[in-house]
Every structure is written in structure tokens, then in C-alpha cells.
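# Results of the structural survey
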Amino acid sequence: MLIESNLVELKQKYSNTICKEIVSFLNAEGGNIYIGVKDDGEIVGVDDVDQVCRDLADVITNQIEPNPQDIVKTELIYNEGKTIVNVAIKKGSSPIYCQKKYGFSSTGCSIRVGTTCREMTQEQIRVRYEKRFFNNDILVSSPTSYGLISFKTLKIYYSEKGFHLNDNSFETNLFLRNADGEYNKLAELMSDRNTIPLIFVKFKGTDKVSISQRSDYGNQCLLFAYEQLMNRISAENICVTDTTVRPRKDIYLFNFDAVNEAVVNALVHNDWSITEPLVSFFSDRIEILSHGGLPHNQTKEQFFKGISRPRNEKLMRIFLDMGIVEHTGHGVPVIVSEYGEGAFEITDSYINVIIPFNKAVLEKQNFGLSVGLNDGLSGGLNLSDTENEIIGLLLSNPSHTSISLSQETGKSLRTVERALASLQKKGLIIRVGSKKMGRWKVIK
């Protein structure tokens, strides 16, 4: 017989208090909410099971912050010819959860005490909230529910950097499992396949009214996703040449190094328990948004001086191993030196880096003096239509083979192989890794 306790809540029917109750369990030790059971343990069942499940799905996915989908599950239990809905809740992997509509207030943050749900005090909320921003091991401690973890891509990257990997200690050395031996969120980020997006969205104009293109480079090892994303950003960096001076001067739409630093910072310092970073491309600027605000106890003055306090220390280590970042803290100063402190929009919940486009390039674009997508890539090398098409395909999927490129373009295999050889000779693409397991890299 079911009895209410600090780990069990009995509900005769579904009600709007369910969101508060789930938050209470997340902020305590976890537990189970049984819908269709009276307080005295009598089973009455749930009439409209489908509707209840839909309502619960909405609560779990849309009404709680941070998103607890990985640790809150619903299941149906059949007993005495009646259906019970069980909401199984693990102890939260984040220090604090709230109802989104109330935010991190006493009304929004509740905790299970005995058989009741009590509002947390402001001091409890403050202490727990701050832990979200200095717990460098949140990616390590949080388990993943993704069940197809594998690290072939990650191992290729380490091998190419000259690291000698020991399969018996690889996962331990990179902290890919939590204290309970489960794969964690860091493992999911580094897995060959995952469910974590990395979006590049291009808008028509200066606002978000109309989307021109949307590309997702995620759902794969974050190192590879980062590389693909930067290839795409590089392809958008239009170059125009001023021939009125000697030597002639190339002018780019934006400072690629500054944008690269902004993207790397967004990935390494992002609070992944909230959601993933986002890169937005407008007609006059590019924006790189990451979540979580400044790390714990870091001031804006320290931030702009380049004093580094990584939120995700173990993720930072992997990026260090790959040579993508350094511990010098020069990333933010690089952006500031080019675009000023005004390029940063900093709040308690996010950091948005706004990189304006070069007005001289925009003006020449408007007069039709620049050419399409691969302008910055081709550099006046007079590429054929097939070569341009292949570069576009390799930017979207560097794992393409000669056969798949032949199928995509409708060109013969021999034609594709000649085009690949030509692009390699011109220094526009290189092959990284083996013929079987490697990939193409487009060079700016």
C-alpha cells in the first residue's frame, strides 16, 4: 500500500499544483508522485490518461527551469483494473530549480519537507542560485539519458594532436563519467552522436522577423560541431579588395579572430544546464549568445581584463588539449581591442557578443561589387561551378566522400575526384585523418 512520505506524494487527480510539486522534489532528494491514488492509499485511477500525460509533458519541458527532462519521467501503472500515472523524479543535478513563471523567487522555488512542499527562503535561494555559477563540475556531475555514447571522433582528434590514448583510462582521464560511474553531460557533448543542437541562423534584415537560413551543426561531437560552425562563419566572411592602393588591401566583413574567440568563449563558459549557445547572423552584424551570465564572483572589470574563470573546467581542458583555447585569458581583450566593451551585452542570465559588420564592405555589397557565398574562400581563383558546389557541400558536411559528393552533385565520380584534387592544389581544402575515417576541412 502506498503511503505519503518525503519521497512519495499521492494525488487523487491531476491539478495545476503539479509543477510546484515536481520542483519541490527536484530541490530535495527526488521521489515519486502517484496520480490516481487518494491520500489514504486507495487506488481510484486516472480517467483521461492521454490528457494527463500531455499536460505533464508540457510541465516538464516548458514550465521548469533549468529543463529537467533527463531526470523526470512518467510511467503508467496498472493496478486492480485501474491506471495510475507515476511521475518519477530524480534528485536534481542543478543546485536549484524553479517554476518559470515565478522565476527564482520564494513562490517559484519550493522544496519537499516531510509530506509537504514549502517555499524556500531568500537566503536558501541565494546560496543555491550562486552554486549554479561556480560549480565547475556541473557537466561532470550531471548524468545523461542519451544511451548511444561513443567517442570515435574525440579519439581521432586526440590522436591527431599526438596524444597516446589508453582505452582503459581514457574516459576517466577526461572525466566522462560522474561519481556514480554513469556517462555525464560532458560525455554527451563529446559523443559521436548526441541530442544537443548548435544552431547558426541567418535572418533577412536587422531583426528576427524573417529567417533566411537555419543550420544545425550539433548532434555530434562538440569539437567537430565547433569546426563545422566556424567553417560556415568563415564562408560568410565576405572579402572585398581595394585596388586603389598599393599593395592592394583586402577588407573583410568582420574580424574572424574576434568572432572565433566569442564562439569559443560561448561554448566553454555556457551554462549547458539551461540550453545551448546560439549564433545569429543579421544583415549588419553577427551575435553570439551564451547562457549563465558571468561566472560566480567575477566582476565586469575582471571579465574585460581577461581574468578567466571557466564555468566548465573539464570542457575547457579538452579545448586546451586541442589548442583551441589558451589559459592566457586573451579572448575577451581581443574582442574589446577590435570592437570595444560595447560589443558585450551582459546580464545575470546571459552574455551576448554583438560584432558589427565593416561598413565599407557593406557599402560595396550594396553596389554589387562583391560576389556570393565563397568570395572569401576562393580569393579570385576562378573556381568552376562544380568546385563551388563541392565547397558548399563540404562546409555543411565535411564527412562527404567522393561517392556521396558524386550522388549529391549528379556529376561523375571522375569529375568529382578531379575537382577535389584541384581544390586541394589551390589550398582551399585539406584531408584530415585517414581516407576511411577522416574528413575534409575547408580553408579560408
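Residues numbered from 1 in each chain as written. Predicted model: local features only at pLDDT ≥ 70, side-chain atom pairs only at ≥ 80, totals over all residues. Heavy atoms only, no water.

## Topic: unusual backbone geometry
Note that the residue after Glu65, namely Pro66, is joined by a cis bond; omega there is -10°. With respect to the secondary-structure elements, Pro66 resides in the loop between strand 3 (64–65) and strand 4 (72–79). A positive phi angle, near 60°, is found at Phe175, a position not held by glycine. Here Phe175 is to be found in the loop between helix 6 (170–173) and helix 7 (185–190). The backbone of Asn219 sits at a positive phi, close to 65°, despite the residue not being glycine. Position of Asn219 among the secondary structure elements: in the loop between strand 10 (211–216) and helix 8 (222–236). (Helix = DSSP H or I, 4+ residues; strand = E, 2+ residues; numbered from the N terminus.)

## Description of the pairing of strand 9 (residues 199–203)
Within a regular beta strand, the side chains point alternately toward one face of the sheet and then the other, so they alternate between its two faces. With 5 of 5 residues buried, strand 9 lies mostly within the body of the structure. What you see with strand 9 is no split at all: Ile199, Val201 and Phe203 on one side and Phe200 and Lys202 on the other are buried throughout. Bridging between strand 9 and strand 10 involves 5 bridges; their strand directions are antiparallel. Note on strand 10: the bridge partner recorded for Phe200 is Ser215. Direction of pairing for strand 9 relative to strand 13 (residues 278–281): parallel, over a ladder of 4 bridges. (Buried < 20%, exposed > 50% of the residue type's maximum accessible area, 1.4 Å probe, protein only. Pairing = 2+ DSSP bridges.)

## Considering the packing of aromatic side chains
Aromatic ring pairs are reported here in terms of the distance separating the ring centres and the angle at which the planes meet. Counting across every chain of the model gives 12 aromatic pairs. Relative to Phe304, the ring of Phe303 has its centre 5.4 Å away and its plane inclined at 70°; by these criteria the two rings are edge-to-face. As far as burial versus exposure is concerned, Phe303 and Phe304 are alike and both buried. A network of ring pairs unites the aromatic residues Phe151, Tyr158, Phe163, Phe170 and Tyr183 as a single cluster. For Lys155, the ring lying beneath its charged end belongs to Phe170, and the centroid distance is 5.4 Å. Positioned over the ring face of Tyr183 is Arg177, at 3.9 Å from the centre of the ring. (Phe/Tyr/Trp six-rings, centres within 6.5 Å; stacked < 30°, edge-to-face > 60°. Lys NZ or Arg CZ within 6 Å of the ring centre and 35° of its normal.)

## Description of the sheet that holds strand 5 (residues 82–89)
What links the strands of a sheet is backbone hydrogen bonding, and the strands pair in either a parallel or an antiparallel sense. Spatial strand order, 1-2-5-4: 4 strands in an open sheet with mixed pairing. Each edge of the open sheet carries a strand with a single partner, namely strand 1 (8–11) and strand 4. Along the sheet, successive strands turn relative to each other by an average axial angle of 20°, direction set aside. Here strand 2 (residues 31–35) pairs with strand 5 via 5 bridges, running antiparallel. When the sheet's bridge partners are listed, Asn32 is paired in strand 5 with Ala88. (Axes fitted to C-alpha atoms, helices over the stretch in contact; angles between N-to-C directions.)

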